[in-house]
Amino acid sequence: MKYRLLLVLSTFLIFGCETNDGDDTNDGFDRTAMLTNWADNLIIPAYNHYYDELTKLDEAKDAFVTDQSEVNLQTLRTSWKEAYKAWQWVGMYQIGQSESIYLLGFTNTFPADAAQIENLIASGEYNFELPTRMSQQGFPALDYLINGLGADDAAILAVYQGDSGASYVQYLSDVVDRLLNLTSQVVDNWNQGYRETFIANSGSSKSSAVDKLVNDYISYFEGHIRKAKIGDPAGVFTGVKDPNTVEGFYQSDIAKSLFLESLKASKAFFNGEYFDQTGSGESLFSYLKYLNTIKETEALEELINEQFDLAEQKSSALSDNFSEQVVLDNTLMLETYQELQRNVVFMKVDMLSAMSIAVDYMDNDGD
């Protein structure tokens, strides 16, 4: 939690004075073409898809608010899973409005603080805009509310149908509404002028769109995929494994699928692959190829792709249930972490150096 709060404060400090920068780089690579591909074929389509899935989640929530039946609970759970998977494709894009409202922190700070959620439900008083409320909202809070209130569906429904049921229903509804409201702000921002601002900011200073988004991308890979999804539960930074910190803790079989979805999204962004359709455009891969960056006698862009593949291969043997994996065979989690860490070095050190991009975020995990 301390890590995330520090990251929030650091982000506000670092990006608080964003300015447009249209200066050209002198390496000759067409950054405008890369930004255009990112905006039109990756970021905006992924956000639109995510918003569509949230709309389905909202509809399922409304049905459950009206009738707390087992069928409606299961439909709500299915919609939550699909929206959570769609989130894995936009979590790395913390730029523009998503950065301003800190979409990442308010959407997916895990593990959820179940004790505090219960306190808020009991009091009926909460302000989800406060940074201290990040662990009591978003997908992890929904995980607790639809999977963690009881041992089975009957026990969960008994909570919603009990004396305090109306308070639980209201909290569930508020969490979903908050997700939809935040995301609508980001989607509207991209569709109402930010796309043009983003593409025009094609220079090479620390406030340019390329420098900022590449930093966001690597920071997300390092802090939210490598560390939060794998390293923290495996005890990489503390020496003590913690199965309670996995993503989707209460839905025991979802952590692996969320991890693989995020890994797939990271690789697709690196290669400039269109979201949800065939094709690709200018990307970090083509940028490195243009710069002819060689590391250990091999092209760096190929090394990075090979490392993505190695991480996926290693994680394929993990259990769907990461909590169970940590308890029964933590070695495989640690090995997966190491495969991810190698790509952190390739991208954060070698790729940024080749592109003359300075690191603009702090790494607090002590590795």
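Residues numbered from 1 in each chain as written. Predicted model: local features only at pLDDT ≥ 70, side-chain atom pairs only at ≥ 80, totals over all residues. Heavy atoms only, no water.

Under an unreviewed UniProt entry, the name given to the protein chain is Imelysin family protein, and the source organism is Reichenbachiella ulvae. Per UniProt, the protein chain carries the Subcellular location (unreviewed entry) text "Cell envelope". (UniProt positions renumbered as here; feature names shortened; annotations may be inferred.)

What follows concerns helix α6 (residues 114–123). At 3.6 residues per turn, the α-helix brings residues three or four places apart onto the same side. Turning to α6, its buried residues number three or more, namely Ala114, Ile117, Leu120 and Ile121. Projected down its long axis, α6 shows its buried positions confined to an angular sector of 120°, all on one face. Projecting away from the buried face of α6 at angles above 90 degrees are the exposed residues Ala115 and Ala122. Considering only its buried residues, α6 is in contact with α7 (138–147) and α9 (165–200). Gly124 lies just past α6 and shows a positive phi near 75°. (Buried < 20%, exposed > 50% of the residue type's maximum accessible area, 1.4 Å probe, protein only. Helix = DSSP H or I, 4+ residues; strand = E, 2+ residues; numbered from the N terminus. Arc of directions from axis to C-beta. Contact = heavy atoms within 4.5 Å.)

A separate point is the packing of aromatic side chains. One pass over the full model with this rule turns up 25 aromatic pairs. Between the aromatic rings of Phe221 and Phe308, the centroid separation amounts to 5.8 Å while the plane-to-plane angle is 85°, which identifies the pairing as edge-to-face. Residue Phe221 is located in helix α10 (residues 209–234), and its partner Phe308 is located in helix α13 (residues 300–315); the two are separated by 87 residues in the primary sequence. Assessed through its relative accessible area of 1%, Phe221 is described here as buried. Summarising the aromatic geometry, the rings of Phe237 and Tyr337 are spaced 5.8 Å apart at their centres and angled 80° between planes, so their arrangement reads as edge-to-face. With a gap of 100 residues between them, Phe237 in the loop between α10 and α11 (255–271) and Tyr337 in helix α15 (residues 330–354) connect regions that are remote in the sequence. Given the relative accessible area of 3%, Tyr337 is considered buried. (Phe/Tyr/Trp six-rings, centres within 6.5 Å; stacked < 30°, edge-to-face > 60°.)

As a packed pair, helix α3 (residues 70–87) and α7 sit with axes 11 Å apart at the nearest point and diverge in direction by 160°. Considering their axes alone, α3 and α7 lie roughly antiparallel with respect to each other. Where α3 crosses over α7, the two elements pack in a sense that is left-handed. Contact with α3, carried on its side by Leu73, Leu76, Arg77, Trp80, Ala83, Tyr84 and Trp87, involves Phe139, Pro140, Leu142, Asp143, Ile146 and Asn147 of α7 and no other residues of that element. Looking at the contact of α3 with α7 residue by residue, the classes come out as 10 nonpolar, one polar and two charged. (Axes fitted to C-alpha atoms, helices over the stretch in contact; angles between N-to-C directions. Parallel < 35°, antiparallel > 145°, perpendicular 65-115°, else oblique. Left-handed = near helix turned anticlockwise from the far one by under 90°. Nonpolar A, V, L, I, M, F, W, Y, C, P; charged D, E, K, R; others polar.)

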